[in-house]
Amino acid sequence: MTDGERPDPDALLARVQAEEAPPRARLKIFFGAAPGVGKTFAMLESAQRLRAEGVDVVIGVIETHGRSETGALVAGLPTVPRRRVEHRGVTLDELDLDAALARRPTVILVDELAHTNAPGSRHVKRWQDVLELLDAGVEVHTTLNVQHVASLTDVVEQITGVKVRETVPDDVLARADELELIDLAPEVLLERLGEGKVYLPEQARRATQHFFQKGNLLALRELALRRTAEQVDVDVQAYRRAHGIERPWGSREQVLVAVGPSPSSERLIRAGKRAAERLDAAWEVAAVDRPSRPLGERDRDRLEAHLRLAESLGAEIVRLRGEDVAAALLTHAKRRGVTRVVVGKPTHARWRDLLTGGLVDALIRGSGEIEVHVVAPIDRDARPPAPAAPDARVAPPSARWSWAAGTLAVAAVTALGLVAFDHVSLADLAMLYVVAIMIAALGGRGPSLLAATLSVLAFDFCFVPPRFTLAVSDLGHLVTFAVMFTAGLSVSALTTRLRRQEQDALVRERRTAAILGFTREIAAAEAAADIAAVAVRHVEELLGVGAAVLVPEADGDLTTLTSIAGLMPLSAPEQSVAAWSLAHRQPAGHGTATLPGAAVTAVPLAEDAPRGVLVTAGRRDAPPFTADERHLLAALARQTGLALGRVQLASAARDASIRARTEELRSSLLSAVSHDLRTPLAVITGAATSLRDARAKLPPAVEAELIGTIVDEARRLERVLQNLLNITRVETGLEPARAWVPVSELCGSALTRLADVLGPRAVELDVPDDLLVSVDPVLFEQVLINLIENAVKHGAPPIAIAARRHGPQVEISVADAGAGIDPALGPRLFEKFFQAPGARKGGVGLGLAVCRGVVTAHGGTIAIERAGGGGARFVVRLPTPPPPLVPAPDAAAEAP
């Protein structure tokens, strides 16, 4: 195989992954240039062939439009009953999606892919129903006309003069596994139309006068053929790349579409989509916000609609800021490696470009190697939106005071000029009026214009010869008047721009600070409930809506981790919105294309795993989220999902660690105790066997010795088993059953149980009789037993046991007079199965580990120190509050 024949490794990897992935349900689209070409007829013929082959084919929706030939092909095919919806007094029949999902046929027929569902349906569009059927594993056959392809609607409008409202995203068309073109010559279609096989006679007559003109049909036919050829070309290129028939492309195109609130932006978006598809390129849609020219509400709504359209067509949305639109676009394009910029053709007068510079000219001059494509609007009369009036958000705190301040400033200058007229020149007075205008300009454009007007009038009337008239003898003063007006307009424009920039900066600062705080808090949160609380609080602060985080339980039901008061509990319809969003990992609810009539908006926390849903509420009657808000909400949801995933992974890691430690403990126990269990059992077995087989021959002293051996080894075995049980309790979480017990009683009980082990060894006991501790008596007695037994095995007499109260703590110590312990080994002595070098054999190495676990469960500490006589001293410190006071017995009650 030559280098030219070697397949692309990335393509091979993608091919292997695709082959290993579970098979997805197929989508077959019967594609046509216009209604009446026979798409439904061809789909039913194909369904009848599949039915004859034994395939389970059902009809979901078929629109025969009264055509007898089409109706005849329906016979014999089972049908899913339609869902009846009442809307404005009219009964509408829609696809029953739930019934189709419950039926789960092999193939379902869904006619008219671009159809808009009745209000109240789960999805706005029928193509969304089809996608849900495909996700459920049901193969779908459907029909579509070329005029309904979203990226072609502007071309169709240019051809036919009809703006198509019902569209299907290009991504759905690209999802099709098979695109079958149903082609019919325009002459034959017009003949069918005249025979009443497409529409009723009156509808057919109107159609031939408008949409069904021969020129329109020829153009639509060409458009359908081209779109089909593009789809086939995509399949061919994918096959070639997968099989190494041609070299992979050395670089990838990147398309940037610049849009604004102008109606022509819709055409730009569709043109950019088509260009990106032809080039197999990624594409972005960018809008530049100019702080000095804020958009009005209507223009903002139109821009948001354009961005939603671009998002639905698969574009990445970019919001830029800057006064120089061309510079902002080029800076972003160069940073992202954009190869083509698509902009609209200017529709304003040429003189504006001469004065302020044109966007297209600036883009072309500064683009360098980037191609600039200029697209003409369909509507020749389209004009860019006028700048909005000053927004109320940038108005001064008191508008009335701004107007009054400008008037008072002009009046003050006029009064000063009248008083000092003989001592100042007209130029000085003009400068004072300019200062007054600048003061008024701080309140906005309106006060500055009023101040400029009043200044001109007062200056002319009071000071310009002839005085106290509005006549002007020297035309040079007209320049002074123009300067006053220009100063007022310039300063007010600058003030408005600075104030808006200040407010925008404050908004960005608050949002950035909130996002930074959100990231910091959510990174520090260690529990799922804490993560949810952080997410909910920041959604409330950033977007001003109530929120809740829902996560799936083991049985699949959603449970609420945290919510803003008033949002929960969710109603059944709202729960269904959240459940749909989680199952399909897509946004749903208010402001989306799925269940848009819901009162909540649900956003999945992750796209790769069903981690949960972020639900927001409170905007049913309010406008949907803007593009920025949608992206912000999606970002918060993703961060929340990542944090929850981190917690889940940490929990899984802890569980795995516990399982590993448990397995390690089990193996260690089996290896460590095998000797210590077998040894006493062997001794017991040997002694018992001797007593059974030769008891009559044994002297009484030997018999007593054997019985004593059995007892001693049984007690030793009991202590080993007791330590094993205690270490198991410590490992699985110990909850002490506390009670107030005298320390002297604990020590006495432990010494009694170890009487045989101690033998003649001296024990020094220094414990006050009235010293009480709050401990689990059984467990803490075992602690003392283990410490005393350790001193017996590894130390030397005398053994000293002491106890004292030191403030809020009680200190209990067990010391011996042996060789002591190396201080470096101190911390390791309390590890499981650890034995100091040179120590006497015969123990498992669990005694001190049990001591530490029990003491820690009581909130105390245990340490080893060097005793005064050179031996080892184990010290237990327990936090012990003063014991409760016992009331004195009632003397009257005890009297006889």
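Bear in mind that the values here come from a model prediction, so they are computed numbers and not experimental data.

**What about the overall build of the protein?**
Stage number 1. A tally of helices and strands in the protein yields 28 helices and 24 strands.
Stage number 2. Buried residues in the protein amount to 42% of all 896 residues.
Stage number 3. Long-range pairs, those at least 24 residues apart, make up 69% of the contacts in the protein between residues at least 6 apart in sequence.
Stage number 4. With the model as given, the accessible surface of the protein reaches about 46,100 Å², and the carbon-plus-sulfur share is 57%.

**Considering the packing of helix α13 (residues 325-336) against helix α15 (residues 359-366)**
Stage number 1. One way to put it is that α13 packs onto α15 with a least axis distance of 9 Å and a crossing angle of 35°. The handedness of the crossing between α13 and α15 comes out as right-handed. Contact with α13, carried on its side by V325, A326, L329, L330 and K334, involves L359, A362, L363 and G366 of α15 and no other residues of that element.
Stage number 2. Tallied by class, residues from the contact of α13 with α15 come to 7 nonpolar, 1 polar and 1 charged.

**So, the pattern of salt bridges**
Stage number 1. If you walk through the whole model with that rule in mind, you get 39 salt bridges.
Stage number 2. The closest approach of N and O atoms between D170 and R227, which form a salt bridge, is 3.7 Å. Of this pair, D170 sits in helix α7 (residues 170-175) while R227 is found in helix α10 (residues 214-243), placing the two residues 57 residues apart along the sequence. An identical accessibility class is assigned to D170 and R227; each is buried.
Stage number 3. Here R302 ties to D299 by a salt bridge, and the two come within 3.0 Å at their closest N and O atoms. Of this pair, R302 and D299 both sit in helix α12 (residues 297-312), separated by 3 residues, roughly a single helical turn.
Stage number 4. Note on D299: relative accessible area 11%, which makes it buried.
Stage number 5. Taken together, the salt bridges that share partners define one network made up of R26, K28, E139, E178 and E180.

**Quick look at the nonpolar core**
Stage number 1. Counting residues in hydrophobic clusters, the biggest one holds 58 residues, and the most contacted among them are I29, I108, L109, L113, L133, V140 and L144.
Stage number 2. Sort the elements by how many residues they give to this core and helix α2 (residues 39-52) lands first, with 5 residues.
Stage number 3. Residues in contact with I29, not counting those within four places in the same chain, are L113, T142, L144, V172, L173, A176, E178, L179 and E180.
Stage number 4. Of all hydrophobic cores here, the second largest spans 39 residues; its members include V741, V783, V792 and L848.

**With respect to unusual backbone geometry**
Stage number 1. Geometrically, the link from P465 to P466 is a cis peptide bond, its omega value of -10° lying close to zero.
Stage number 2. Residue placement: P466 occurs in the loop between α18 (445-462) and α19 (477-524).
Stage number 3. Positive phi is not limited to glycine here, since F468 has a value of about 60°.
Stage number 4. You can see F468 is positioned in the loop between α18 and α19.

**Describing the sheet that holds strand β9 (residues 282-289)**
Stage number 1. The 5 strands lie next to each other as β10-β9-β8-β11-β12, forming an open sheet whose pairing is parallel. In the strand order of this sheet, the two ends are held by β10 (316-321) and β12 (371-375), each with one partner. Neighbour-to-neighbour, the strand axes of the sheet open up by a mean angle of 25°, direction not taken into account.
Stage number 2. Sheet strands touched by α12: β8 (254-259), β9 and β10. Its angle to β10, the strand with the most contacts, is close to 145°.

**Things to note about empty space enclosed by the protein**
Stage number 1. Under the counting rule described, the total for this entry stands at 3 cavities of 30 Å³ or more.
Stage number 2. Computed from the structure, the largest cavity encloses a volume of approximately 50 Å³.
Stage number 3. As for the largest cavity, its lining consists of A33, A34, V37, L184, P186, L189, L217 and R221.
Stage number 4. Per-class residue counts for the lining of the largest cavity are 7 nonpolar, no polar and 1 charged.

**Quick word on the sheet that holds strand β23 (residues 861-866)**
Stage number 1. Reading across the sheet, the 5 strands line up as β19-β21-β22-β24-β23 and stay open at both edges, with mixed pairing between neighbours. Because the sheet does not close on itself, it has two edges, and the strands there are β19 (763-766) and β23. Between one strand and the next, the sheet's axes are offset by a mean angle of 15°, whatever the strand orientation.
Stage number 2. Across the sheet, helix α24 (residues 743-753) lies against β19, β21 (799-806) and β22 (809-815), angled at about 160° from β21, the strand it touches most.
Stage number 3. Taken strand by strand, helix α27 (residues 847-857) contacts β23 and β24 (872-879), and its axis lies near 130° from that of β23.

**Notes on the environment of G322**
Stage number 1. For G322, the location among the structural elements is in the loop between β10 and α13.
Stage number 2. Residue classification places G322 among the buried positions, given a relative accessible area of 18%.
Stage number 3. Sequence spacing of G322 and V288 is 34 residues, and the spatial spacing of their C-alpha atoms is 6.8 Å.
Stage number 4. With near-sequence residues (within four places) excluded, G322 lies in contact with V288, D289, R290 and P291.

**Description of the confidence of the model for the protein**
Stage number 1. In this model, the protein carries a mean pLDDT of 79, and residues with pLDDT of at least 70 account for 81%.
Stage number 2. Throughout residues 889-896 the model reports pLDDT below 50, and contacts reaching past four residues in sequence, or to other chains, amount to 1 contact.

**Let's talk about the side chain of D129**
Stage number 1. Within the element layout of this structure, D129 appears in helix α5 (residues 126-135).
Stage number 2. Look at D129: it is buried, it has no salt bridge, and the nearest opposite charge is R126 at 5.4 Å.
Stage number 3. Polar contacts involving the side chain of D129 include one to the side chain of N117, which spans 3.1 Å.
Stage number 4. Beyond its immediate stretch of four places on either side in the chain, D129 contacts L95, L97, N117 and H123.

**Some thoughts on helix α11 (residues 265-279)**
Stage number 1. Here α11 spans 21 Å end to end across 15 residues, near enough to the 21 Å set by a 1.5 Å rise per residue.
Stage number 2. Among the 15 residues that make up α11, 12 are buried, leaving the element largely enclosed by the rest of the structure.
Stage number 3. Among the residues of α11, those classed as buried are S265, E266, R267, L268, I269, R270, A271, G272, K273, R274, A275 and A276.
Stage number 4. Of the residues flanking the end of α11, it is D280, one or two places downstream, whose phi is positive at about 55°.

**Focus: the packing of aromatic side chains**
Stage number 1. All chains considered together, the criterion is met by 5 aromatic pairs.
Stage number 2. Aromatic side chains F459 and F463 sit 6.4 Å apart centroid to centroid with 45° between the ring planes, which places their arrangement in the tilted category.
Stage number 3. A relative accessible area of 1% means that F459 is categorised as buried.
Stage number 4. Ring geometry for F461 and F468: centres 6.0 Å apart, planes at 80°, overall edge-to-face.
Stage number 5. A relative accessible area of 36% means that F461 is categorised as partly exposed.
Stage number 6. The exposure class assigned to F468 is partly exposed, which follows from its relative accessible area of 46%.
Stage number 7. One aromatic cluster is present, built from ring pairs that chain together F421, Y433, F459 and F463.

Quick notes on the rules
Residues numbered from 1 in each chain as written. Predicted model: local features only at pLDDT ≥ 70, side-chain atom pairs only at ≥ 80, totals over all residues. Heavy atoms only, no water. Helix = DSSP H or I, 4+ residues; strand = E, 2+ residues; numbered from the N terminus. Buried < 20%, exposed > 50% of the residue type's maximum accessible area, 1.4 Å probe, protein only. Contact = heavy atoms within 4.5 Å. Areas by Shrake-Rupley, 256 points an atom, 1.4 Å probe, with all protein chains shown as cover. Axes fitted to C-alpha atoms, helices over the stretch in contact; angles between N-to-C directions. Left-handed = near helix turned anticlockwise from the far one by under 90°. Nonpolar A, V, L, I, M, F, W, Y, C, P; charged D, E, K, R; others polar. Salt bridge = Lys/Arg side-chain N within 4 Å of Asp/Glu carboxyl O. Core = buried A, V, L, I, M, F, W, Y, C linked by side-chain atoms within 4.5 Å. Pairing = 2+ DSSP bridges. 1 Å grid on protein atoms, 1.4 Å probe; cavity = no way out; pocket = protein on both sides within 12 Å on 5 of 7 lines; lining within 4 Å. Points joined across faces, edges and corners; volume = space filled by probe spheres on them. pLDDT = per-residue confidence, 0-100. Lys, Arg positive; Asp, Glu negative; His and termini not counted. Polar contact = N/O pair within 3.5 Å; in protein donor to acceptor, adjacent residues only side chain to side chain. Expected span 1.5 Å × (residues − 1). Phe/Tyr/Trp six-rings, centres within 6.5 Å; stacked < 30°, edge-to-face > 60°.

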